[in-house]
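# Survey of secondary and tertiary structure
Listed below, chain by chain, are the residues.
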Amino acid sequence: MRKFLTFVSLLLIPLAPVAARAHAFLDHASPLVGSTVATAPHEVVMTFTQNLEPAFSTAQVTDSSGARVDQGKAQVSGNTMTVGLKALGPGSYKVHWHALSVDTHSTEGAFTFHVGGR
Amino acid sequence: MSAIHNCSRALALALLFATLPLTEAFAHCFVGARFFPATLAVDDPCVADEMSLPTVSWSRTADTPPATEWDVSAEVSKRITEDFGISIGDVWSQIRGPGGPTMAGFGNLETTAQYQLLKDGSHELAMLLGLIVDWGGTGASNSGIATPYTTLTPTYYFGKGFGDLPDSAGWLRAFAVTGQIGYQIPSRSFDLVQQALIPQVLAWGGSIQYSMPYLKSEIADLQLPDFINHLIPIVEFQMSTPVENNFGNSFVTTGTINPGVIWVGSYFQVGLEAQVPVNAQSGHGVGVLGQLHLYLDDMFPKTIGQPLIGGTGAAPQQLKF
């Protein structure tokens, strides 16, 4: 058992307290991921679990034909990314995002929301 | 001899953490939008900077009457380059027979070298090649816990998420599978102590997992409690099938099927599984397996969480969105 404790102690050496950061997961979005909204939103707001690097975090929104319906570069503030939308009609829309947390961990994802009846 | 083994372990670990570069950080097992957690019984399909400390299991052996076995292990994995990493680990075991003697001690030191063959984000597909070496004579072979001979196990690993299914697949897209298959080659063919052949063994296993984080962020945010959104229910299985040099013995496959759940956080994960033996030769009754697993690349993104060579010190590439 003493040998095991020696082994464990060595492993614990690097666990001194540090200022830690981590991967930025999508925590929630508006419109909600996978939701159907009655009226077309003017923007998509995504909130992440970590602060983002504005220069390297971005998003685009496409309609069911693949045409872009966002208004260009996403705005990043802290852990929130916002992308403006053109006037949307009823249909399904896909949000593709890429996030770089402030310690350069990279994550990406995509989700769909729907406007009006499907 | 024991002191030499202790020093060897300490030296190996000290070297692992020495001369770490002060550059920027990258990722663990993310493949596109999919995150593959570190599985408890088998390995995930990525090289990574991570540490399992501890992994604890309790089970009853296949002996008649069965003995009670405790295993406590630790493993640390470190990327040397972006695609090549090594792991080092060991296990302390205690086997207590009913009314019989108790055996306890370290298993052999185990190292693994792994190379990332593929990470295809759009298909959530990862492939990995590895060579596991169980270093004979570095554990308590006198008490029967470890073997005096070395075993080499070249192993292939894969992971596949189903997020690339059409949207109409709905919640099924949160499923993922992982698998591994290895061929154990012992350095000896005959055990003089046991007076038995040492078989070559196919070691195979995998997992089926359902990612609640993936469901929430990619498919449908059901506004579930936050704790639920961090869970990955999982069923792992690990099997051994003797295939060669096993004359006179049974060729029966042994192993366990492990249903359980992993809670995934930003810096660590916690896993708990039941261990269900697949037959009487695999054990008696249901065992338990638990693990605390640390994401070193998230905890220490500028030091330990970097590959030793070729860390992403350069600025990340601007995306063309």
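Criteria and cut-off values
- Residues numbered from 1 in each chain as written.
- Chains lettered and ligands numbered in written order.
- Predicted model: local features only at pLDDT ≥ 70, side-chain atom pairs only at ≥ 80, totals over all residues.
- Helix = DSSP H or I, 4+ residues; strand = E, 2+ residues; numbered from the N terminus.
- Buried ≥ 20, exposed ≤ 12 C-beta atoms within 10 Å, placed from the backbone.
- Contact = placed C-beta atoms within 7 Å.
- Pairing = 2+ DSSP bridges.
- pLDDT = per-residue confidence, 0-100.

## Digging into the overall build of chain A
- On a plain count of helices and strands, chain A comes out with one helix and eight strands.
- Taken from the N to the C terminus, the helices and strands of chain A come in the order α-β-β-β-β-β-β-β-β.
- Burial status across chain A gives 37% buried among its 118 residues.
- Counting only contacts in chain A whose residues sit at least 6 apart along the sequence, the fraction spanning at least 24 positions is 62%.

## Here we look at the overall build of chain B
- Check the secondary structure of chain B and you find four helices and 17 strands.
- Counting all 321 residues of chain B, 42% fall into the buried class.
- Looking at chain B alone, contacts between residues at least 24 apart form 62% of all its contacts between residues at least 6 apart.

## Remarks on the sheet that holds strand S8 (residues 106-115) of chain A
- Pairing within the open sheet is mixed, and its four strands lie in the order S2-S8-S7-S4 (chain A). Each edge of the open sheet is held by one strand with a lone partner, namely strand S2 (36-37) and strand S4 (58-63) of chain A.

## Quick notes on the pairing of strand S10 (residues 175-186) of chain B
Residue and element names in this part refer to chain B.
- Residues Ala176, Thr178, Gln180, Gly182, Gln184 and Pro186 of S10 are buried on one face, while the alternating residues Phe175, Val177, Gly179, Ile181, Tyr183 and Ile185, pointing to the opposite face, are not.
- With nine bridges joining them, strand S9 (residues 151-161) and S10 adopt antiparallel strand pairing. If you follow Tyr156 over to S10, its bridge partner there is Ile181.

## A word on the confidence of the model for chain B
All names here are of chain B.
- With 88% of its residues at a pLDDT of at least 70, chain B reaches an overall mean of 87.
- When pLDDT is averaged over each helix and strand of chain B, the minimum, 42, is found for helix H1 (residues 2-17) and the maximum, 98, for S9.
- Contacts from residues 1-27, a stretch scored under 50 in pLDDT, to residues over four places away or in other chains number 51 contacts.
- Segment residues 313-321: pLDDT under 50, and 14 contacts once partners within four positions in sequence are set aside and those in other chains are kept.

## Considerations on the environment of B:His28
Residues and elements named next belong to chain B.
- As for its placement among the helices and strands, His28 is situated in the loop between H1 and strand S1 (30-31).
- With 23 C-beta atoms packed within 10 Å, His28 lands in the buried category.
- A C-alpha to C-alpha distance of 33 Å links His28 and Ser282, two positions 254 residues apart in sequence.
- Excluding residues that lie within four positions of it along the chain, His28 makes contacts with Cys46, Ala48, Asp49, Glu50, Tyr295 and Asp297.

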